[in-house]
Amino acid sequence: MQNLKSSNAKRRKLLYYLYHTPLVYFFPSIISRLRLKNILNNSFQEEYIQSRVGYYFKKTSNFRVSNEGKNLSELFWNQFFKNKQNSHFIDFYNLLQFFNKKYKVDFIYSTKDYIDSSVAKKHPPYPTFVKSRPVGFNNQNSILLKLNQVKLFHFIKDPKKFENKKNQAVWRGDIRNNSQREYFVKNFYRTPLFDIGQTSPKQDVAWMKSFMSIKDQLDFKFIFCLEGKCISTNLYWAMSSNSVCIMPKPKYESWFMEGRLEDGVHYIEVKDDFSDAQEKIEFYNNNNDKCLEIIQNAQKFVKQFKNAKQERLIQLLILKQYFQYTGQNV
């Protein structure tokens, strides 16, 4: 969604880079390595933690790092000579520095060349750390970490009660990065229950709409969450709101575990062609109690990603397991 162009999003990104960039370029990694043992010994719910680790890292036996694998220094210099995917690299680097700098990894963004999200979401030929992957059983080579979190993991506190919102569903965004978005907007922009429209690219077409901020979108009871090049980026803040997410079944997932979301529990599921979307909204407009239950479940789901120490622990355990399975002593 184009909401990320708002001043709050820009401020959030600025603070992120001001805080994390010095840590990458000037903070001695030896300090992180000395802290690793104490961090891994933190007491959290072990069964829950292991469940999360197993979800993101599905390999259960030893494997080798590919010939393309790179260590911390090599990743650093690759990143130094390019200008793309900075937050992906920073998030990954801040985790890798807890381990031996000579350890090698396969990382989807380990090249100097720009890697588009539509390429990064495909199944890698060998176990690789990625931001997103296809949902399903054949994604064991895609190891998820919490990457690009400054953009994605943006949760909100919604001051508006569900019952005081408009009985409509809203969406604004770029239709160039997914044919399903384009089909949806062009075919349903006249639907009275939908306030939807294309914001990019700028064109003189009937379904072109002006930018709408997150604050204004929160005036609506229902928010369409549509996948772009891979995941739906507005799903994160929408599920933390007092509105209900409505979308087709997710085809891609990230650290947010979209594959664990359930229809009628965390969101309202519609067909890929949106032919039942109006009917679903009409039904839920007449069943506010079901909507309130979905909102409560969605906010509970979001809550598990707000514990920063726990989130870091899960990621470090994934890396620890990776280095063990690849024969790199921890």
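These figures come from a predicted structure and were not determined experimentally. (Residues numbered from 1 in each chain as written. Predicted model: local features only at pLDDT ≥ 70, side-chain atom pairs only at ≥ 80, totals over all residues. Heavy atoms only, no water.)

(A) Fine view of the overall build of the protein. Each helix and strand counted, the protein has 13 helices and nine strands in total. Counting every position in the protein, which comprises 330 residues, the buried fraction comes to 55%. Long-range contacts, defined here as pairs at least 24 residues apart, represent 69% of the contacts in the protein between residues at least 6 apart. Split by element, the accessible area of the protein, about 16,200 Å² in all, is 49% carbon and sulfur. (Helix = DSSP H or I, 4+ residues; strand = E, 2+ residues; numbered from the N terminus. Buried < 20%, exposed > 50% of the residue type's maximum accessible area, 1.4 Å probe, protein only. Contact = heavy atoms within 4.5 Å. Areas by Shrake-Rupley, 256 points an atom, 1.4 Å probe, with all protein chains shown as cover.)

(B) Here's a closer look at empty space enclosed by the protein. Under the criterion given, the structure shown has four cavities of 30 Å³ or more. In this structure, the largest cavity encloses a volume near 80 Å³. The wall of the largest cavity is formed by 13 residues, among which Cys-225, Glu-227, Met-247, Pro-248 and Pro-250 lie closest to the centre. A class-by-class count of the residues in the lining of the largest cavity yields seven nonpolar, two polar and four charged. (1 Å grid on protein atoms, 1.4 Å probe; cavity = no way out; pocket = protein on both sides within 12 Å on 5 of 7 lines; lining within 4 Å. Points joined across faces, edges and corners; volume = space filled by probe spheres on them. Nonpolar A, V, L, I, M, F, W, Y, C, P; charged D, E, K, R; others polar.)

(C) Looking closely at the nonpolar core. Judged by nonpolar contacts, the single largest core of 69 residues is most densely connected at Phe-92, Phe-129 and Ile-318. With nine residues, the single largest contributor to this core is helix α13 (residues 308–325). In this view, Phe-129 contacts Phe-92, Val-105, Asp-106, Phe-107, Ile-108, Ile-143, Leu-145, Ile-318, Leu-319 and Tyr-322; residues no more than four positions away in its chain are not counted. Formed by 26 residues, the second largest nonpolar core is a distinct cluster that contains Val-185, Phe-194, Ile-294 and Ile-295. (Core = buried A, V, L, I, M, F, W, Y, C linked by side-chain atoms within 4.5 Å.)

(D) Expanded view of the pairing of strand β6 (residues 220–224). β6 sits mainly inside the fold: five of its five residues count as buried. Inspection of the sheet shows strand β4 (residues 166–174) paired to β6 by three bridges, in the parallel sense. Pairing of Val-170 across the sheet is with Ile-223, part of β6. Strand direction decides the pairing type here: β6 and strand β7 (residues 244–247), joined by three bridges, are parallel. By the bridge assignment, Phe-224 is partnered in β7 with Ile-246. (Pairing = 2+ DSSP bridges.)

(E) Layout of the sheet that holds strand β5 (residues 194–200). The five strands lie next to each other as β5-β4-β6-β7-β9, forming an open sheet whose pairing is parallel. The sheet is open, and its two borders are formed by β5 and β9 (268–269), each paired with just one other strand. The sheet strands contacting helix α11 (residues 277–285) are β4, β5, β6, β7 and β9, and the helix crosses β6 at an angle near 150°. (Axes fitted to C-alpha atoms, helices over the stretch in contact; angles between N-to-C directions.)

(F) View of helix α5 (residues 86–96). α5 sits mainly inside the fold: ten of its eleven residues count as buried. Residues of α5 that are buried: Ser-87, His-88, Phe-89, Ile-90, Asp-91, Phe-92, Tyr-93, Asn-94, Leu-95 and Leu-96.

(G) Layout of the packing of aromatic side chains. The final tally for this structure, using the stated rule, is 37 aromatic pairs. Between Phe-194 and Phe-224 the ring centres are 5.1 Å apart and the planes differ by 85°, which places this aromatic pair in the edge-to-face class. Of this pair, Phe-194 sits in strand β5 while Phe-224 is found in strand β6, placing the two residues 30 residues apart along the sequence. As far as burial versus exposure is concerned, Phe-194 and Phe-224 are alike and both buried. Members of the aromatic cluster, each reached through a chain of ring pairs, are Phe-57, Phe-63, Phe-92, Phe-99, Tyr-103, Phe-107, Tyr-109, Phe-129, Tyr-322, Phe-323 and Tyr-325. Stacked on the ring of Phe-153, the Lys or Arg Lys-146 has its end atom at 4.6 Å from the ring centre. (Phe/Tyr/Trp six-rings, centres within 6.5 Å; stacked < 30°, edge-to-face > 60°. Lys NZ or Arg CZ within 6 Å of the ring centre and 35° of its normal.)

(H) How the structure looks around the side chain of Arg-133. Looking at the element boundaries, Arg-133 is found in strand β2 (residues 133–134). Of the polar contacts made by the side chain of Arg-133, one reaches the backbone oxygen of Tyr-55; its length is 2.7 Å. Once you skip the residues sitting within four places of it in the chain, Arg-133 turns out to touch Tyr-55, Tyr-56, Lys-58, Lys-121, Asn-139, Ser-142, Leu-144, Lys-251, Tyr-252 and Glu-253. (Polar contact = N/O pair within 3.5 Å; in protein donor to acceptor, adjacent residues only side chain to side chain.)

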